[in-house]
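The residues making up each chain are set out below.
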Amino acid sequence: MRSMGIIGILTLLVVGAGARDFHVRPAPGPYGLGNGETYADAWPGLHKVGWTQMQTSDTLLVSGLHEAAAVWPRVWKIGAAGSIRSNWPADPATLKGWAFTFDGRDGLTFSGITFDHCQLLRAKAKNVTFENCVFDGILSWPRMIEPHAGADDWRVLGCSFRDMPNAVYSIQDAAGSPDHLTVAGCSFKDIGVGDIDGHAVGIQGGQGHRVLGNHIERAGNAIVCWASSKRKMTDIQIIGNQIRDSRSGIWISGSNDPANDLPAAGWRAGVVIKDNVIDGVDDSGIRSNIRDPIEVTGNRISAAGRAGTIPDAIYLYCSVGGVRARVTGNIITGPARCFIHVTGLPAGAWDDHYTNNTYTQPLVAKPFYHSARGGYMSLADWLERVENQ
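All of these numbers come straight from a predicted model, not from anything done at the bench. (Residues numbered from 1 in each chain as written. Predicted model: local features only at pLDDT ≥ 70, side-chain atom pairs only at ≥ 80, totals over all residues. Heavy atoms only, no water.)

Novice: What is the right way to look at the environment of Ser302 in this model?
Specialist: The topology assignment puts Ser302 in strand β30 (residues 300–304). What makes Ser302 partly exposed here is its relative accessible area of 22%. Along the chain, Ser302 and Arg385 lie 83 residues apart, while their C-alpha atoms are 24 Å from each other. (Helix = DSSP H or I, 4+ residues; strand = E, 2+ residues; numbered from the N terminus. Buried < 20%, exposed > 50% of the residue type's maximum accessible area, 1.4 Å probe, protein only.)

This is the structure we're talking about:
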């Protein structure tokens, strides 16, 4: 019993010693002892952080304005730390003009930091979280947060993005795609405005992605999910987002070209687009060209198709068979062309259902299209031939 007591005490001491706070303040300093152990004794600049003193359970508290123009090199290589947090509200942190990377730093959290025209370089790490951070502009690369294959379980929570070509963009490459990206409760403004390849949230392949409760205003394409024909993209939930004044709303895509080796059935399964508000987009509000079933439920779409090539509120397309979809409980107002536009092969295996949708303020005489049930049609014809059938 005595030896167990000693082991228990030693365990507590080790755990306690492994969860420490360290401090860094802007260069050049100096600050007291400069050992990082207190705010008064902070490390004088990001390049002076003593990573060898830290463990993965420790927190680095960043204070003040750190300008990369004042130091060299301008790349901050992040070492062992469990979290890097703004010393808020005492002395909030802003990083200006930095490129930073954290290869191999699994489980890292960034919290409350303002990144002013910074750049995240490719980082091979899992279980990374950005929470309540501000990303204002970008240093040079066209994408801010860019997980690649193997960088699974990234979370972007409650962050703000402004004025950049792309904000959050997971990348498919030769090694595959990252899985389980979550983007929730974030705001995006002026992201890739007018650019067909500009995205507030872009996802290339992978599984288990969640895009939840974000606010997107003035984006090139608000939310786009894409994968090449030979890669899976499954279990995608896009729920409760607000999209306004952008090039397009929500786009589920992915190489259905017969000349490019079609993806197998089931490789685009589990896509849910639910309870989103889409108002004032140039192209389609919700668009899909996948062959697997898709659920489009409870969305509100208004003023879609103001100036785009596909001026429809909901556009569903399949080049290799019939469309398979559940389109229910949506409220659609004033699209430039169609409330719902559906195109597939007449001889394909169709499984599409449209129920309890509300349509108001049509701008054309025949604001519906279904390639297998009569082409363009009026609301009365749509209700008779398609809706609730």
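Novice: Explain the nonpolar core to me, please; I cannot follow it from the model alone.
Specialist: In this structure, Leu60, Ile84, Phe102, Phe130, Phe161, Phe188 and Ile340 are the most contacted members of the largest nonpolar core, which totals 90 residues. Sequence-distant contacts of Phe188, that is, excluding residues within four places in its chain, are made with Phe161, Ala167, Val168, Val183, Ala200, Val201, Asn214, His215, Ile216 and Glu217. (Core = buried A, V, L, I, M, F, W, Y, C linked by side-chain atoms within 4.5 Å. Contact = heavy atoms within 4.5 Å.)

Novice: Looking at this model, I keep getting lost on the packing of aromatic side chains. Mind explaining?
Specialist: To describe a pair of aromatic rings, one takes the distance between the centres and the angle between the planes. Overall, the coordinates contain 20 aromatic pairs when judged by the stated rule. Ring plane angle 10° and centroid distance 5.4 Å describe the contact between Phe22 and Trp43, whose orientation is recorded as stacked. Taken together, the positions of Phe22 in strand β1 (residues 21–25) and Trp43 in strand β2 (residues 43–44) put the pair 21 residues apart, joining distant regions of the chain. As far as the burial class goes, Phe22 and Trp43 line up, both buried. Centroid distance Phe130 to Phe135: 5.9 Å. Interplanar angle 65°. Geometry classified as edge-to-face. (Phe/Tyr/Trp six-rings, centres within 6.5 Å; stacked < 30°, edge-to-face > 60°.)

Novice: Sorry if this is basic, but what is going on with unusual backbone geometry here?
Specialist: Glycine aside, residues mostly have negative phi angles, and peptide bonds mostly take the trans form. The omega torsion of the bond from Ala27 to Pro28 falls at 5°, within 30 degrees of zero and hence cis. With omega at 0°, the peptide bond leading from Gly29 into Pro30 counts as cis. You can see Pro30 is positioned in the loop between β1 and β2. Backbone geometry at Asn127 places phi at a positive 55°, although glycine is not the residue there. Tracing the backbone shows Asn127 in the loop between β10 (114–120) and β11 (129–131). The phi torsion at Arg218 lies on the positive side, around 60°, for a residue other than glycine. Tracing the backbone shows Arg218 in strand β21 (residues 215–219).

Novice: Looking at this structure, how should I read the pairing of strand β23 (residues 233–239)?
Specialist: As a general feature of sheets, a regular strand has side chains that alternate between the two faces. Relative to β23, strand β20 (residues 206–212) is paired through six bridges, and the arrangement is parallel. Residue Val211 lies in a different strand from β23, and its bridge partner there is Ile238. Looking at chain direction, β23 and strand β26 (residues 271–274) are connected through four bridges and run parallel. When the sheet's bridge partners are listed, Ile238 is paired in β26 with Ile273. (Pairing = 2+ DSSP bridges.)

Novice: How should I be thinking about the side chain of Ser246 in this particular structure?
Specialist: Tracing the chain through its elements places Ser246 in strand β24 (residues 242–246). In this structure the side chain of Ser246 is engaged in a polar contact, spanning 3.5 Å, whose partner is the backbone nitrogen of Arg218. Leave out the neighbours within four places in its chain, and Ser246 touches Ile216, Glu217, Arg218, Ala219, Gly220, Gly280, Val281, Asp282 and Arg306. (Polar contact = N/O pair within 3.5 Å; in protein donor to acceptor, adjacent residues only side chain to side chain.)

Novice: Please clarify how the sheet that holds strand β19 (residues 199–204) should be interpreted in this entry.
Specialist: In any sheet, the strands associate via hydrogen bonds between backbone groups, in a parallel or an antiparallel arrangement. Taken in spatial order, the 10 strands of this open sheet run β13-β16-β19-β22-β25-β28-β31-β34-β37-β38, and their pairing is mixed. Every interior strand has two partners, whereas the edge strands, β13 (143–145) and β38 (375–377), have only one. The average undirected angle you get between the axes of adjacent strands in this sheet is 20°. Of the pairings in the sheet, the one linking strand β31 (residues 314–317) to strand β34 (residues 340–343) comprises four bridges and is parallel in character. Pairing of Leu316 across the sheet is with Val342, part of β34. (Axes fitted to C-alpha atoms, helices over the stretch in contact; angles between N-to-C directions.)

Novice: So what exactly am I meant to see when it comes to the side chain of Thr59 here?
Specialist: By secondary structure assignment, the location of Thr59 is in strand β3 (residues 59–62). Accessibility expressed as a relative area gives 14% for Thr59, which makes it buried. Within the structure, Thr59 has its side chain in polar contact with the side chain of Ser83 (distance 2.8 Å).

Novice: Before we go on, may I ask you to explain the environment of Ser177 in this structure?
Specialist: Residue position: Ser177 is located in the loop between β16 (166–169) and β17 (182–184). Residue class for Ser177 comes out buried when judged on its relative accessible area of 16%. Separated by 155 residues in sequence, Ser177 and Ile332 place their C-alpha atoms 34 Å apart. Side-chain polar atoms of Ser177 contact the backbone oxygen of Gln204, separated by 2.8 Å.

Just geometry here; none of it tells us what the structure is for.
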